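# Inside the fold
The lines below spell out each chain.
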Amino acid sequence: MSIFVKICGLARAQDVTDVAALCPDALGFIFYEKSPRAVTAEQVREWTQGVPKSIKRVGVFVNETPETILRTQELAGLDIIQFHGGESAETMSACTGDIGSSGKTGSTWAAVHLDKCSAATAEKLPVDALLIDSYNEQLPGGTGKTVNWELAADFRQACSLPIILAGGLTPQNVATAIRKVSPWAVDVSSGTEASPGIKDMSLVDQFIQESRSA
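Read on for a plain summary of the structure. This structure is a prediction, so every number in the text was calculated from the model and none was measured.

## A few points about helix α6 (residues 149-158)
Trp-149, Ala-152, Ala-153 and Phe-155 are the residues of α6 that are buried. Considered in projection along α6, the buried side chains sweep an arc of 160° and stay on one side of the axis. Looking at the buried residues of α6, the elements they touch are β5 (107-112), α5 (119-122), β6 (129-132), β7 (163-165) and α7 (174-181). N-capping of α6 is provided by Asn-148, with a side-chain oxygen placed 3.0 Å from the backbone N of Glu-150.

Okay, structure coming up:
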């Protein structure tokens, strides 16, 4: 089975169109105003109108309220909610209910940091998958810092939930990372950029190809 590939940090209409044409499995959008890749629900709704439904829309949130998350999800047409802050299990659970005309919410993912959370603790979270990422005090993700793949592999083996590997992935190292960690999915942001929020399509294409051939 081919690995699931998410291209995250899309912040321009043309990049959404160009990346979608390369057929990743998911497009990621950052709803966090402190990020250099921050977007609005209205922008995402407009930019993704022509994107095939087979490509999932992922919204990344950092410590937002369930009300804000669900409102953004409905307006932007998101398929997946990604919790990327210190959200409580209660907040995560609150984002799995009805959202009016859109019916049930889609999948939910939660970011985890290997030095802060054990597999035993993480797999109890009320989400469908876990995303291993790096972080710093300024940004909870998108730092370009590589995760320790040996620790990530141990975490995956000890966890019953599907694992998404992020953190410092690039076209040059993603195949090695996949072989070492064996994740269900990979997620890249800064590793496919010309500058923050601006994608380099040659890097995006190479990343997708390297991931799927690993």
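## Structural notes on the environment of Ser-118
Note on placement: Ser-118 falls in the loop between β5 and α5. Along the sequence, Ser-118 and Gly-50 sit 68 residues apart, while their C-alpha atoms lie 40 Å from each other. A distance of 3.1 Å separates a polar atom in the side chain of Ser-118 from a polar atom in the side chain of Thr-121.

## Things to note about the packing of α6 against α7
Two numbers describe how α6 lies on α7: the axes approach to 8 Å, and their chain directions differ by 40°. One finds that α6 runs oblique with respect to α7. Every pair of crossing elements has a handedness; the one defined by α6 and α7 is right-handed. Listed contacts from α7 to Trp-149, Glu-150, Ala-152, Ala-153 and Arg-156 of α6 are Thr-176, Ala-177, Lys-180 and Val-181. Its residues assigned to classes, the contact of α6 with α7 shows five nonpolar, one polar and three charged.

Here is what the cut-offs are and how they apply
- Residues numbered from 1 in each chain as written.
- Predicted model: local features only at pLDDT ≥ 70, side-chain atom pairs only at ≥ 80, totals over all residues.
- Heavy atoms only, no water.
- Buried < 20%, exposed > 50% of the residue type's maximum accessible area, 1.4 Å probe, protein only.
- Helix = DSSP H or I, 4+ residues; strand = E, 2+ residues; numbered from the N terminus.
- Arc of directions from axis to C-beta.
- Contact = heavy atoms within 4.5 Å.
- Polar contact = N/O pair within 3.5 Å; in protein donor to acceptor, adjacent residues only side chain to side chain.
- Axes fitted to C-alpha atoms, helices over the stretch in contact; angles between N-to-C directions.
- Parallel < 35°, antiparallel > 145°, perpendicular 65-115°, else oblique.
- Left-handed = near helix turned anticlockwise from the far one by under 90°.
- Nonpolar A, V, L, I, M, F, W, Y, C, P; charged D, E, K, R; others polar.

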